[in-house]
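Commentary on secondary and tertiary structure
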Amino acid sequence: IGVRKDSTEANKLYKKMLGQYTEKAMRGDAESQFQVGQLYYGGKGVPENVPEAMRWYAKAGEQGHLESQYKLALLFDSGEKAPRDAKMAIAWYTKAAEQGHAKSQMFLAIKHYRGRDLPQDYSSAAKWFQKSAENGIAYSQSALGFMYASGQGVNEDKQQALNWYRKGAEQGDKDSQYDLGIKLKKGDGVPKNASESAQWFAKAAAQGQIAAQFELAQMYSKGEGIRKDAVLAYAWYNVAIINGHYP
């Protein structure tokens, strides 16, 4: 009974919000247009209606509302709740990316890198990964590190690669943590540091990075950069193998 009462009260509140936002949205307020879209999208205070939500997102997006542009891009890109339209997805990602929306910059970079819905273009991918990375997206920092390490779309630069791997790693990106661990273990563009390498492998391994789990097992087995421990070595080898790593 209590749950039903709470649900009824919430629905009344959402209906009231819908009325207030719609009034402002009709006058052209972009944030209110976005909020009306959100209520229709989530079915809050009104039956779920994705086409109507997208209509309001588009109104706000045309006025430069970043989250509306991003939401439209995702909806057109995924094709889950609306028919997939690659051209519209790219158009909205681009609008948001050009205004500095970090996740839109990342998705645009991924499309250029993979050649999905756009011709494969490593140079354009690097450009958008750079912008997204500078805006703090850990995935983009990791990807940019890889591009500098491999010379894809940019001049190969081991120091830049290391810098971006470290930025991603410090934000908790498990692949950046693994890549940084490898660089430190091998002394690739940086002095060898087995102890710090083991620390980054441990962080990545704890997040399920399979290659890091295997590397950590090896370091425990050899006592490399970390106290030798046959039990932990065996444990991490098993975790890595269970997760699909085969030496």
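Everything below is about the structure shown above.
Residues numbered from 1 in each chain as written. Predicted model: local features only at pLDDT ≥ 70, side-chain atom pairs only at ≥ 80, totals over all residues. Heavy atoms only, no water.

**A few points about the packing of helix 10 (residues 174-186) against helix 12 (residues 210-222)**
At a minimum axis separation of 10 Å, helix 10 and helix 12 run at an interaxial angle of 35°. Here helix 10 and helix 12 pass one another in a crossing that is left-handed. From helix 10, Tyr178, Ile182 and Lys185 reach across to helix 12, where they touch Ala211, Ala212, Glu215 and Gln218. For the contact of helix 10 with helix 12, a count of residues per class yields four nonpolar, one polar and two charged. (Axes fitted to C-alpha atoms, helices over the stretch in contact; angles between N-to-C directions. Helix = DSSP H or I, 4+ residues; strand = E, 2+ residues; numbered from the N terminus. Left-handed = near helix turned anticlockwise from the far one by under 90°. Contact = heavy atoms within 4.5 Å. Nonpolar A, V, L, I, M, F, W, Y, C, P; charged D, E, K, R; others polar.)

**Some remarks on the packing of helix 4 (residues 66-78) against helix 5 (residues 86-98)**
As a packed pair, helix 4 and helix 5 sit with axes 8 Å apart at the nearest point and diverge in direction by 155°. Here helix 4 is positioned roughly antiparallel relative to helix 5, judged by the angle of their axes. Crossing hand, helix 4 versus helix 5: left-handed. Residue-level contacts link Leu66, Gln69, Tyr70, Leu72, Ala73, Leu74, Phe76 and Asp77 of helix 4 to Met88, Ala89, Trp92, Tyr93, Lys95 and Ala96 of helix 5. Residues of the contact of helix 4 with helix 5, tallied by class, amount to eleven nonpolar, one polar and two charged. (Parallel < 35°, antiparallel > 145°, perpendicular 65-115°, else oblique.)

**Side note on the packing of aromatic side chains**
Counting across every chain of the model gives seven aromatic pairs. Clustering of aromatic rings is evident, with ring pairs tying together Tyr70, Tyr93 and Phe107. The side chain of lysine 95 reaches across the aromatic face of tryptophan 92, ending 5.7 Å from its centre. The ring of tryptophan 200 is capped by lysine 203, whose NZ or CZ atom sits 5.9 Å from the centre of that ring. (Phe/Tyr/Trp six-rings, centres within 6.5 Å; stacked < 30°, edge-to-face > 60°. Lys NZ or Arg CZ within 6 Å of the ring centre and 35° of its normal.)

**Here's the deal with the pattern of salt bridges**
Within the structure shown, the criterion is met by 15 salt bridges. Here arginine 166 makes a salt bridge to glutamate 196, at a shortest N to O gap of 2.9 Å. Of this pair, arginine 166 sits in helix 9 (residues 158-170) while glutamate 196 sits in helix 11 (residues 194-206), and the two are 30 residues apart along the sequence. Where arginine 227 meets aspartate 229, a salt bridge forms, and the shortest distance between an N and an O atom there is 3.8 Å. (Salt bridge = Lys/Arg side-chain N within 4 Å of Asp/Glu carboxyl O.)

**A closer look at helix 9**
Given a rise of 1.5 Å per residue, 13 residues ought to cover 18 Å, and the 18 Å separating the end C-alpha atoms of helix 9 matches this to within 8%. Every buried residue of helix 9 is listed here: Ala161, Leu162, Trp164, Tyr165, Gly168 and Ala169. Elements that come into contact with the buried residues of helix 9 comprise helix 7 (122-134), helix 8 (138-150), helix 10 and helix 11. By the N-cap criterion, in which a side-chain oxygen at the helix start approaches the backbone nitrogen of a residue two or three places on, helix 9 is capped by aspartate 157, the distance to glutamine 159 being 3.1 Å. Of the residues trailing helix 9, glycine 172 is marked for its positive phi of about 95°. (Expected span 1.5 Å × (residues − 1). Buried < 20%, exposed > 50% of the residue type's maximum accessible area, 1.4 Å probe, protein only. Polar contact = N/O pair within 3.5 Å; in protein donor to acceptor, adjacent residues only side chain to side chain.)

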